[in-house]
Every structure is written in structure tokens, then in C-alpha cells.
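# Descriptive analysis of the structure
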Amino acid sequence: MQPFTAFMNVESSRSYIDDLYSQDSNKCLASILSIKNSVIGSNRQKESVIAQGIVPRLIYLLKDKNMKTDVRIEAAVTIGSLAKGTESHVELLINSEVVRTLLEVLDEAEPKLIDACLCCLRTLASQEHHPINSKFDSKNIQKLLSLIGPTESLQRQSCVATILTSACKTSTEQNNLCVIGGPAVLASLLSVENSSVRIPVAMCLASMCFNNPHVAKEIVNTSYRDVNIISYLSMMISRDKPIEMQLEAARCLTNLHRAGAISAFDPIITFKTLPCLVRLCQVEHPDAQRAIAAETLAYLTEVDSNLQQIAAISNHLISALVDLLTCGSIVARTAAFRAFASLGANDEDIRKRIIDTKCLMEQVVEGLTDNNKEINLASVRCLHSLSRSVQQLRTTFQDHSVWRPLMALLADDPSPELLLATSSTLCNLLLEFSPAKEPIIQQGAVILLANLTSSSEPALRLNGVWALMNLAFQAEQRVKSQILTALGTDQIFRLLADSDARVLMKTLGLLRNLVSPRNHTDMMMALHGNQIMQGVVLVLEGGHSPEVKEQALLILSNIADGEKAKENIMINEDILKKLVDYMTHPAPCLQESAVFCIGNLSRKGEPGAIERQVKLREYGVVNILQQLMGTSDTILFNRVKSALSNFTDV
């Protein structure tokens, strides 16, 4: 045999290709070995082999039970080598149904062939861009579980754990793996004193319980030889274990916590998992491992303020994360931004510490303008978290003009995720006390936000109307008119009929801000009174909760506070009857709001006050007020007393 050194020369060596299709097992084996040797470590050679159309032949040989076992084994190994190539190579293999073939071979009785197929499946399962979870059914999973145990080879244990990790991405897949005994089998593998086994097992357990409370509970309650999984993970997270093992164990414990199976106050979270992740974020560790630690820490602390506070004061974490922002790795910078977003989610002191850290805001602004969309998204989420600080909105955010890159992102056709994060941040930047409010308006924010309210995504509709509500609060009248013009009557009615109660509440809050303070009420009602009154009636007549209807009554109270705007209520018999009805409603919030509105309508000393008082008396308002004087509700009593005092002149 001549040495087969470069498959790119295959055209001048047709015999090797011809031998691959030979019925002679020895010739076939020699050809496969030559191909295998040529493609190891070379994507160019892999490309050449694939271009020759050899993959279908390799799959056929792997399936052929009449072929020598050595040929089938080498076919599996060669396919596995091709699977280590580019994304397009992996995609071609998967589209060639190679996964199904490999799974079918697992039902045979030849151990070495099974091991070769498992190695090949592991390689395919490790590819992020082409998941193979859809290729597995319950029978396949059961077969894989039957192939491992504490007495099997380390290679087989490692392979199957990695394959199973890729087979439990959805909640259905997680539940299926749990039902057929996955936790018990994986618990037995945690007893194996070998990193090559324990690390993929921890990865599999983390994948199984991610965002799945039922499976997480099963895992926590599973033991092997009287040692539960949590105890194994606790040992794996110790300082003396390999860093990769510590990271995967910490990630698994984090997912178990976030799925509700372990409390944030459990010592294994507070005193082991959190300190481990903080420690692994430090500068003495490689950037790749620091990135995983920071990403996991972000998820661990995302929703629990106690964990955020502990992490923020731990071991110079903030300075370590800032250092991670300066490295060249996109993954590392993204993870650091996400960690900062979680740390600053709830506590003002933590936010101040983060923002006061040298060069942090410069890094955030750079992240907003970065060419990488993942960094854009992570930096926006970080900015959103920090923008909850009233003090920083007035100072640091203004100094860095963060609204400029933020508006640029919104204008650049952002992804749905980025649009959601950016619009959420904009809600905070448009608060009344924010100096960025006017510049953002000048950049066309009103139309942009009005368009968001028409989104098919409830969260985007909510952000759009929420930001407009903030924008309208104590805004100039021209801005309020811009908002109403941009939205239009039809869109306001659609928002008031929205199936998402949060959108409805913010829309009512927007209308309330549009007709207040008092010096704006008359003008706004003169221009848009009919639409606003129709919107209020729509809500009051709908089957909404008392909390929603209370907002509609508060809008009426603002209208009743105007000098001329009052007439919009007084000429509307339907509204007046509703007000009278709500004065005796069982819900205290509706009673209080209705009486408050009556008090504004009947206020003494204003033009037309006597006439309004007479009309309200005709509707029985005074009698009801007198009956309500016996209430034990302090707020209601004070409002009733104030309203009654208006009727002394009638």
C-alpha cells in the first residue's frame, strides 16, 4: 500500500475510492483507514472527502451487518472525525440521517462497535449550532441508559452522559428522561472517581433540571448508596477539584436553585455555590473559565436580592468583572455585563458601587456601540438594571449621554430580544426627573414608542405604552398632543381592550397623565375629550377587576378637577349613573375613587358649582354621602366628609 497522505490528491488515486466500494472487506478496510488518516485534523481534507460523496458509502458500511466488524468500526470512527469539522460538515452529516443509523447500531451486541458509535454520537452531540435532540425517542434514551453504570468503561460512561445532555433540551425531553430513570442512573455515575465522567454527568443533570421544577425536585431527592446527588455535587465544588468540575457542579446547583428545588438560604447555595463562582471569576483563572463562572453567577443572583448583596461584597468581584470586560473574548464580555445586570437589579447601594467603578460606564457605552449583537444585548440589560437608580439618571447617565447609542440601537432594526431590553431601558430614561427626556423626544421617541404599542408581542406593547405613560407625566402640552396624535383614537381603544391586563393598566395610567395636572386638563379635554371619555366608558362597562376600574375613575377625577373639563362628565348621564353606583360598590378602592370624583365635581367657589351641586343632589348623591358617614374606612370617611361640605349652599 502506498501511504495516503493527502486526500486532495484523490483524483490521481482513484483506486482508494474504488476500494471503498469493493465487496472485499480487506480492500474496503484499507481504503477507510487511508481516508480516516487523511482527514484527522484537517478541515480541508474533510471538505474534499465530503465533496467526493463518500459520506453515504460510510453510512452504508456502518449499517451493513454482513460487513466485517472492523470495517464498520472504522466507518463510525471516520464519520466521527468528519463530525469534528466545520458547521457545514456537521449539518451535512445530520441531514444524512447518520444519527438514526448510529442509534440503530447500538441495539447490536458488539461492544467495540457500540463504543465507536457512542464516540461518534458524542461528537455530534457536542456541536452547539446543530442540536440533535429531536433525533431521540424514549426507546433510544432507554437504550443509552442501559449502556452505562458504575461498572462500565469510563469512555462509555462519559460518552452517554454527553449524549444525554443533548437529548434533554425541552421540558418534554427533560420529563421523559426523568420518568425512565435518568436521575438514578446519573447519580450512580457521580460515585465514579473520575473527572471525565463526573463533569459530563453534572452537565447532563444541569440540562435536565433547567427551568423544570418537577425534574429538579426529583434530582434533589435521588440518592445512590445512601448519598444524594446534592452531596455528590457539594464534594465536586470543593477547591481541590478540577476547575471544570467545580464549574459544572456549580452550574447544576444553580439550575436546581432557580428551578425551586434548593432555597437561596440553603448553605450549599449561600456558602458553597456562590463563593465558588465568585472565586472562579477572579483574574488568576483563564478567561474562558471566568466567563462561564460569570454567566452562571448572573443566573444564580438574577432574582434574589440577598444573593446579590452577598456576591457584591465578595472577594473584589466587581473589579474582577470590570477586568473581564476588557478582555478580547466576546463570551467573557457578555457574561460580565450579564453579571453586572443581575447584581444591580434591586439594590441602590450596589448599583452605585458598580457605576462608581472606574471605566465601567465607558465599557457599557462601548458595549452599546459594539458590532456584536450579543454584546449589545448584554450591555443594554446591564444599562437597564443600572437605570433603576434615580440618582444615576440625573448624574452619571447624563454625563455619558447613554441615550444616544440606545436610540441608535432602536433605529437599527434590532432583534426582538434587543428591542425588548432597549425599550425597557427607555422606560426608565423617560421618567419625569430624567434629564435625557427632552433629547430622547427630539430623536423621535414618540412615534417609535407608539409603533411599539402595535406589536404582536405583549411585552413590547407593554413597554411602548409604559414609556409613553412616563413620557406624559408632567410633560409639556405639546408633548402630550404628540402622543395622542401618534397613537390615534383607534389604537387607544385597542390598547384599552388588550387581553394583557398590564397593558390596559399602563394605558389608563397614560390617559391619567395626559389629563393632569389641572392647568392641562381643560386644554387636553377640549382637544381630545370625546376620545378620552369613550375610553373611560369602555373600561367601566367591561368585566374588569376593581383595580382596573379604579384607574378609570381616577381619570374621571382628574377630568372633574378641570374648570371646563367637568362638563364632559356633567352632560353624560351614563357616567353620572356609574359614579353613583360605584359610591356604594363593595370594593373600597372604587368607593373612594367615586366619592373623590364627586368631590371634585361639586367643589364650591368655582363657576357653575351651584348648578352641578343641584344636579348631583337630584341623582341622590347627598343621600348616599350621608349614609357613608358611618364608614370605618378612614380614607373613605375623609373624602365623604369633604364632598358633603360642598353641598351646604344648596
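Residues numbered from 1 in each chain as written. Predicted model: local features only at pLDDT ≥ 70, side-chain atom pairs only at ≥ 80, totals over all residues. Heavy atoms only, no water.

### Details of the UniProt feature "repeat: ARM" (unreviewed entry) in the protein chain
- Here, UniProt's "repeat: ARM" (unreviewed entry) annotation points to residues 53–83.
- Structurally, residues 53–83 is divided into 74% helix and 0% strand, and its ends, taken at the C-alpha atoms, are 15 Å apart. (UniProt positions renumbered as here; feature names shortened; annotations may be inferred. Helix = DSSP H or I, 4+ residues; strand = E, 2+ residues; numbered from the N terminus.)

### Some remarks on the pattern of salt bridges
- Overall, the coordinates contain 29 salt bridges when judged by the stated rule.
- Close ionic contact of Lys373 with Asp412 constitutes a salt bridge, the shortest N to O distance being 3.5 Å. Separated by 39 residues along the polypeptide, Lys373 in helix H24 (residues 373–386) and Asp412 in the loop between helix H27 (403–410) and helix H28 (416–429) bring together distant segments of the chain.
- On the accessibility criterion, Lys373 (49% relative accessible area) is partly exposed. (Salt bridge = Lys/Arg side-chain N within 4 Å of Asp/Glu carboxyl O. Buried < 20%, exposed > 50% of the residue type's maximum accessible area, 1.4 Å probe, protein only.)

### Points about unusual backbone geometry
- Geometrically, the link from Ser516 to Pro517 is a cis peptide bond, its omega value of 0 degrees lying close to zero.
- Within the element layout of this structure, Pro517 appears in the loop between helix H34 (501–514) and helix H35 (518–540).
- For Asn211, which is not a glycine, the phi torsion comes out positive at approximately 55 degrees.
- One can find Asn211 in the loop between helix H13 (195–209) and helix H14 (213–220).
- The exposed category is assigned to Asn211, whose relative accessible area is 59%.
- One non-glycine residue with positive phi stands out, namely Arg225, at about 55 degrees.

### Considering the UniProt feature "repeat: HEAT" (unreviewed entry) in the protein chain
- With numbering matched to this structure, UniProt assigns "repeat: HEAT" (unreviewed entry) to residues 54–90.
- Helix makes up 73% of residues 54–90 and strand 0%, whereas the separation of the span's terminal C-alpha atoms amounts to 14 Å.

### Focus: the environment of Leu383
- Note on placement: Leu383 falls in helix H24.
- Since its relative accessible area comes to 0%, Leu383 is described here as buried.
- Along the backbone, Leu383 and Val622 are 239 residues apart, and their C-alpha atoms lie at a distance of 53 Å.

### Brief notes about the environment of Met629
- With respect to the helices and strands, Met629 occurs in the loop between helix H41 (621–628) and helix H42 (634–644).
- On a C-alpha basis, the gap between Met629 and Phe596 in space is 14 Å, while along the polypeptide they are 33 residues apart.
- Here Met629 is in contact with Phe637, Val640, Lys641 and Leu644, once residues within four sequence places are set aside. (Contact = heavy atoms within 4.5 Å.)

### So, the confidence of the model for the protein chain
- Confidence in the prediction for the protein chain averages 91 pLDDT; 97% of positions are at 70 or higher.
- Here residues 1–12 is a poorly scored stretch, pLDDT under 50, and it has 23 contacts once near neighbours within four places are set aside; other chains count. (pLDDT = per-residue confidence, 0-100.)

### Regarding the nonpolar core
- By size, the foremost hydrophobic cluster in this structure holds 226 residues, and its most contacted members are Leu124, Leu256, Leu556, Ile559, Ile569 and Leu579.
- Not counting residues within four places of it along the chain, the set of residues in contact with Leu124 comprises Ala83, Val90, Leu93, Ile94, Val98, Val99, Leu102 and Ile132. (Core = buried A, V, L, I, M, F, W, Y, C linked by side-chain atoms within 4.5 Å.)

### So, the packing of helix H10 (residues 154–166) against H13
- Between H10 and H13, the shortest axis-to-axis distance is 8 Å and the interhelical angle comes to 20 degrees. By the angle between their directions, the pair H10 and H13 is classed as roughly parallel. Handedness of the H10/H13 crossing: left-handed. Mapping the contact onto sequence places Leu154, Gln157, Ser158, Ala161, Thr162, Leu164 and Thr165 in H10 and Ser196, Val197, Pro200, Val201, Met203, Cys204 and Ser207 in H13.
- Class assignment of the residues belonging to the contact of H10 with H13 gives a composition of 8 nonpolar, 6 polar and no charged. (Axes fitted to C-alpha atoms, helices over the stretch in contact; angles between N-to-C directions. Parallel < 35°, antiparallel > 145°, perpendicular 65-115°, else oblique. Left-handed = near helix turned anticlockwise from the far one by under 90°. Nonpolar A, V, L, I, M, F, W, Y, C, P; charged D, E, K, R; others polar.)

### Some thoughts on the packing of aromatic side chains
- Here the structure, examined in full by the defined rule, presents 1 aromatic pair.
- Considering the side-chain rings of Phe210 and Tyr299, the 5.7 Å spacing of their centres and the 40 degrees angle between planes classify their relative orientation as tilted. In this pair, Phe210 sits in the loop between H13 and H14 while Tyr299 sits in helix H18 (residues 287–301), placing the two residues 89 residues apart along the sequence.
- Since its relative accessible area comes to 43%, Phe210 is described here as partly exposed.
- Lying over the aromatic face of Trp466, Lys506 brings its terminal NZ or CZ to 4.1 Å of the ring centre.
- Sitting above the plane of the Phe596 ring, Arg639 keeps its charged end 4.7 Å from the centroid. (Phe/Tyr/Trp six-rings, centres within 6.5 Å; stacked < 30°, edge-to-face > 60°. Lys NZ or Arg CZ within 6 Å of the ring centre and 35° of its normal.)

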